[in-house]
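# Survey of secondary and tertiary structure
Listed here are the chains, written in short residue letters.
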Amino acid sequence: MSLSPRVIAFLLAGLISASTVAFLTFVEGVTNNMLFVVGVSSLIVSFFLILYAIEFLVFREVNKMYKTIHKLRIRDFTISRKSIIKNNNPFKKLNDEIFVYVARKQKEIEELRRLEQFRREFLADVSHELKTPVFAAQGFIHTLIDGAVDDEKVRDKFLAKAAKSLDGLDALVKDLVALSQLETGEIKMNLESVDLYHVTLEVFEQLEKITHSRNITLKIRSDQPGSIWVKADPQRITQVMTNLIENAVKYGNEAGKVTVSFEEEKKHYTVQIRDDGPGIPPEHLSRIFERFYRVDKSRSKERGGTGLGLAIVKHILNAHKSKITVMSKIDRGTTFSFKLEKAE
Ligand SMILES: Nc1ncnc2c1ncn2[C@@H]1O[C@H](COP(=O)(O)OP(=O)(O)OP(=O)(O)O)[C@@H](O)[C@H]1O
Ligand SMILES: [Mg+2]
């Protein structure tokens with residue numbers, strides 16, 4: 001329980017007046033009337049003096065603290081001087097506020113530490129990913145210079161391999177540039193009416209080679225076949241569809257089925273890309289949208305992935321004021337879905 005200054009002053013004043021009266025009773029010749037007057041007057045005078053002393057001291061100390069806080073320019077310290085002074089127990093109030101403030105700062109520091117760790121890992125990942133194709137191309141070219149160039153068959157093979165490594169490097173750098181531009185908000189979305197049905201068919205066509213080689217069936221499911229008009233950046237949304245469908249084809253089962261479905265709502269279309277592949281273990285689900293994150297590093301790498309695809313997809317959809325979600329069940333398959341605004 002916290003006592004207010006008034007209660008404290010009253011209790012102390014009562015004590016003073018009671019002891020004064022008690023002493024006076026031992027003095028000869030003091031009448032009851034005199035005792036009463038002394039009792040009452042000492043009670044009143046002590047009450048006001050003590051109250052004044054408490055308030056004066058508290059006020060002075062609180063003011064000092066308040067000035068210190070101001071000097072430190074603690075901007076997000078929300079407390080006002082008035083609210084402290086008016087409070088019954090200003091020190092407790094100040095203490096509580098400082099506690100909240102420190103807790104908030106602690107959280108901020110943790111977040112900064114996390115970002116710092118993230119930045120360090122990112123740098124390590126980038127250097128690692130860049131190193132692989134550069135070393136490979138370098139190796140082929142040096143072998144050629146060292147004499148392999150004379151053998152026509154070896155020459156062509158090595159040149160093709162060096163070119164492939166450099167193409168991979170080019171794709172990686174392009175992805176990195178796109179990602180950093182998306183993150184800094186440098187790329188503005190060019191919103192137009194886009195027929196997502198048509199985009200999907202185009203992506204199917206582009207992926208024909210890999211789909212065929214893995215014997216995968218591609219399907220579109222839609223209430224109104226023909227066209228699905230949404231408000232989107234044509235180039236960017238094609239990139240989103242390409243990565244999601246490509247992932248479903250790459251990481252799904254051989255001879256599996258990949259379905260793209262469109263569901264009409266009042267103002268939106270819900271787009272889903274589903275496969276019946278091995279699925280993604282739940283402990284990885286929250287992380288697959290991070291840059292360079294791959295569930296099965298060796299397996300996805302052999303399929304040419306760098307782990308940037310979903311990070312780019314997430315950013316592009318965010319820039320469309322949309323959000324991508326994923327649902328996956330082991331051995332049953334994975335579904336990615338997002339909403340896009342209908343075009344008028
Ligand atoms: N449909 C899916 N089924 C199973 N795993 C998936 C699926 N889609 C993505 N993944 C997992 O998520 C990881 C991240 O995917 P993401 O598209 O970001 O990268 P990537 O495909 O490896 O490389 P990139 O897209 O840059 O070529 C993949 O490596 C894969 O392990
Ligand atoms: Mg991908």
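Being a predicted model, the structure only gives us computed values, none of them experimental. (Residues numbered from 1 in each chain as written. Chains lettered and ligands numbered in written order. Predicted model: local features only at pLDDT ≥ 70, side-chain atom pairs only at ≥ 80, totals over all residues. Heavy atoms only, no water.)

What follows deals with the overall build of the protein. Counting secondary structure elements, the protein contains 11 helices and seven strands. For 344 residues, the compact-globule formula gives about 20 Å, and the C-alpha radius of gyration of the protein, at 37 Å, lies well above that figure. In terms of overall dimensions, the protein has a C-alpha envelope of 135 × 60 × 40 Å along the principal axes. The buried share among the 344 residues of the protein stands at 35%. Considering only residue pairs separated by 6 or more positions, the protein has 71% of its internal contacts joining residues 24 or more positions apart. Carbon and sulfur atoms make up 58% of the accessible area of the protein, which totals about 22,200 Å². In the protein, 52 side chains carry a positive charge and 44 a negative one; their mean positions are 8 Å apart. (Helix = DSSP H or I, 4+ residues; strand = E, 2+ residues; numbered from the N terminus. Rg over C-alpha atoms; globule rule 2.2 N^0.38 Å. Buried < 20%, exposed > 50% of the residue type's maximum accessible area, 1.4 Å probe, protein only. Contact = heavy atoms within 4.5 Å. Areas by Shrake-Rupley, 256 points an atom, 1.4 Å probe, with all protein chains shown as cover. Lys, Arg positive; Asp, Glu negative; His and termini not counted. Charge placed at Lys NZ, Arg CZ, Asp CG, Glu CD.)

Next up on the list: the sheet that holds strand 4 (residues 257-264). Taken together, five strands build an open sheet; the order of strands is 2-4-5-7-6 and the sheet is mixed. A strand with exactly one partner marks an edge of an open sheet, and here the two such strands are strand 2 (217-222) and strand 6 (325-329). Each neighbouring strand pair of the sheet contributes to a mean axis angle of 15°, computed without reference to strand direction. Of the strands in this sheet, strand 2, strand 4, strand 5 (268-275) and strand 7 (333-341) touch helix 6 (residues 196-206), which is tilted by about 175° from strand 2. Its contacts with the sheet place helix 8 (residues 234-251) against strand 2, strand 4, strand 5 and strand 7, and it is angled at close to 30° to strand 5. (Pairing = 2+ DSSP bridges. Axes fitted to C-alpha atoms, helices over the stretch in contact; angles between N-to-C directions.)

The subject of this paragraph is the environment of Phe36. Inspection of the secondary structure puts Phe36 in helix 2 (residues 32-71). Along the chain, Phe36 and Thr20 lie 16 residues apart, while their C-alpha atoms are 11 Å from each other.

With that settled, consider the coordination of the magnesium ion (ligand 2). Protein-derived ligands of the magnesium ion (ligand 2) are Asn243 (OD1) and Asn247 (OD1), with the metal-ligand distances lying across 2.2 to 2.3 Å. With a gap of four residues between them, Asn243 and Asn247 both fall in helix 8, about one helical turn apart. When its relative accessible area of 13% is taken as the criterion, Asn243 is described as buried. Taking the relative accessible area as the measure of exposure, Asn247 reaches 11% and is therefore buried. (Donors = N, O, S within 2.8 Å, 3.2 Å for Na, K, Ca; no water.)

What follows deals with the domain arrangement of the protein. Domain assignment breaks the protein into domain 1 (5-106), domain 2 (120-184) and domain 3 (192-341). The C-alpha-based centres of domain 2 and domain 3 are spaced at 27 Å. Contact residues are listed per partner, giving 12 residues for domain 2 and 10 residues for domain 3. The largest share of the area that domain 2 buries against domain 3 comes from Glu129, Leu179 and Leu182, three residues that together contribute 44% of it. Ionic pairing is found between Arg294 and Glu129, a salt bridge with its closest N-O pair at 2.9 Å. Viewed at the interface, domain 3 and domain 2 are joined by three residue pairs in polar contact (both at pLDDT 80 or more). Among the elements of the structure, helix 4 (90-145) and helix 5 (152-184) are those that each provide at least two residues to the side of domain 2 that touches domain 3. Per-class residue counts for the side of domain 2 that touches domain 3 are six nonpolar, two polar and four charged. (Domains from an automatic or database assignment. Buried area = accessible area lost by both parts, 1.4 Å probe. Salt bridge = Lys/Arg side-chain N within 4 Å of Asp/Glu carboxyl O. Polar contact = N/O pair within 3.5 Å; in protein donor to acceptor, adjacent residues only side chain to side chain. Nonpolar A, V, L, I, M, F, W, Y, C, P; charged D, E, K, R; others polar.)

Along the chain, Thr270 turns up in strand 5. A relative accessible area of 14% places Thr270 in the buried class. Of note is the side chain of Thr270, whose polar atom sits 2.5 Å from the side chain of Glu265.

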